[in-house]
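Structural overview for review
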Amino acid sequence: MHPDVQKLLAVQNVDQKVASLRRDLDSVLAETARREKKIADLRKTYETRRGELLAAELEARRNEKAIQAADDEVKKLDTRLNTVKNNAEYQAILFQIEAVKKERGQLEEAGLQGMENLDKLRAGIDQASRLLAEEEKTFREFQKEAERLKSEREADIAKVRAGRQDLTKDLPKELLARYERLFQHRDSLAVCAVEGQICQGCYTNVPVNDVARLMGKSAVVVCGSCQRILYLAH
Ligand SMILES: [Zn+2]
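First, a word on scope: everything that follows refers to the structure included in this document. Just so it is clear, the structure is predicted and the values come from calculations on it, not from any experiment. (Residues numbered from 1 in each chain as written. Predicted model: local features only at pLDDT ≥ 70, side-chain atom pairs only at ≥ 80, totals over all residues. Heavy atoms only, no water.)

**A few points about the overall build of the chain**
Which entries qualify depends on this criterion: Every helix listed is a DSSP run of H or I at least four residues long, and every strand listed is a run of E at least two residues long, numbered separately from the N terminus. Radius of gyration: C-alpha atoms only; globule rule: 2.2 Å multiplied by the number of residues to the exponent 0.38. Buried residues are those whose accessible area, probed at 1.4 Å on protein chains only, stays under 20% of the maximum for their type, while exposed residues exceed 50% and partly exposed ones sit between those limits. Every residue pair with non-hydrogen atoms within 4.5 Å of one another is taken to be in contact. Residue burial considers only the protein chains on display, and all accessible areas are found by Shrake-Rupley using a 1.4 Å probe. A residue counts as positive if it is Lys or Arg and as negative if it is Asp or Glu; His and the chain ends are not included. Here the site of a charge means NZ on Lys, CZ on Arg, CG on Asp, or CD on Glu.
If you tally the helices and strands in the chain, you get five helices and three strands. When the helices and strands of the chain are placed in sequence order, the string is α-α-α-α-β-β-α-β. The C-alpha radius of gyration of the chain comes to 40 Å, more than 25% above the 17 Å expected for a compact globule of 234 residues. Viewed in the frame of its principal axes, the chain has a C-alpha envelope of about 130 × 35 × 30 Å. Counting only residues that meet the buried cut, the chain has 29% of its 234 residues in that class. Intrachain contacts of the chain at a sequence separation of at least 6 include 71% that bridge at least 24 residues. Total accessible area computed for the chain in this model is approximately 15,500 Å², and 51% of it derives from carbon and sulfur atoms. Computed over 42 positive and 40 negative side-chain charges, the inter-centroid distance for the chain is 5 Å.

Structure follows, in structure tokens:
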């Protein structure tokens, strides 16, 4: 094997390990983001429920006041009833009392419905708050684990990468750049074997001429089809 290709193969070995460790890291980050989104959604639900409860409580107080006002009104009308002398006015006040009582009945009905609604909203808020607390607790545990995994993987990456500099320092810059481009665009496989005259990167035939050059070990040979840097497997 051409000595530069041999070095590139070792570099590729390092880069593949790093890529695999990075994928681990990325999946930890993706999982973190997924969980954070879930918590944000649960918090939003909780806030919405809370807003609904506050509005309903306000409505219930408003309703109570309106009932109180109706009671006061009826009392006032009752008092007036005792002071009027003429029958038409008497009838008019009776009619008014009837109307206020009817309105009060509707308010009371609405109040009862409001109470039921409040119970439901309180139960909903309890559930939303419980779900949020549970998810936050799970997330804190996950985060500890994720942090540990992250620093482990980062240390692994640093360890694996440590020798890369030594491997690349004597390589021609252009060859290294070509390798790096290929590694990026050819599925982390820039240097690949030829087996039985077949490029193992793209499975096309390698011309006899190129096989002969590979055997000669004095030239860097690339696949005419996928451009990967080749070496002879046997
Ligand atoms: Zn190829």
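**Things to note about the coordination of the zinc ion**
Threshold: Only nitrogen, oxygen and sulfur atoms qualify as donors, and only when within 2.8 Å of the metal (3.2 Å in the case of Na, K and Ca); with water excluded, sites may look incomplete.
Cys199 (SG), Cys202 (SG), Cys223 (SG) and Cys226 (SG) make up the full set of protein donors to the zinc ion, lying at 2.2 to 2.3 Å. Between consecutive donors of the zinc ion, the numbers of intervening residues give the motif C-x2-C-x20-C-x2-C. Assessed through its relative accessible area of 23%, Cys202 is described here as partly exposed.

**Quick notes on the layout of surface pockets**
Applicable threshold: Throughout, the protein atoms alone are placed on a 1 Å grid, and a set of points is a cavity if a 1.4 Å probe fits but cannot get out or a pocket if it is open with protein on both sides within 12 Å along at least five of seven lines; lining residues have an atom within 4 Å of a point. Grid points are joined across faces, edges and corners, and a volume is the space filled by probe spheres set on the points. Lys, Arg, Asp and Glu make up the charged group, whereas Ala, Val, Leu, Ile, Met, Phe, Trp, Tyr, Cys and Pro make up the nonpolar group; the residues left over, Gly among them, are polar.
Put simply, the largest pocket is a space of about 250 Å³. Every residue lining the largest pocket is counted, 14 residues in all, and those nearest its centre are Ala60, Asn63, Ala110, Gly111 and Leu112. Of all the secondary-structure elements, those providing two or more residues to the lining of the largest pocket are helix H1 (3–83) and helix H2 (87–161). A total of eight residues in the lining of the largest pocket trace back to one element, the largest contributor, which is H2. For the lining of the largest pocket, the residue count by class is seven nonpolar, four polar and three charged.

**Regarding the sheet that holds strand S1 (residues 191–195)**
Cut-off, in case you're wondering: Strands were regarded as paired on the criterion that DSSP finds at least two bridges between them. Each axis is a line fitted through C-alpha atoms, taken for helices only over the stretch in contact, and angles between the N-to-C directions span 0 to 180 degrees.
Spatially, the three strands line up as an open sheet ordered S2-S1-S3, and their pairing is mixed. Either end of the sheet is taken by a strand with one partner, and the two such strands are strand S2 (198–199) and strand S3 (229–232). Of the strand pairs in this sheet, S1 and S2 are connected by two bridges, and their pairing is antiparallel. Across the sheet, the residue bridging to Glu195 is Ile198, located in S2. Contacting S1 and S3, H1 runs over the sheet at an angle of about 110 degrees to S3. Across the sheet, helix H5 (residues 208–216) is in contact with S1 and S3; its angle to S3 comes to roughly 70 degrees.

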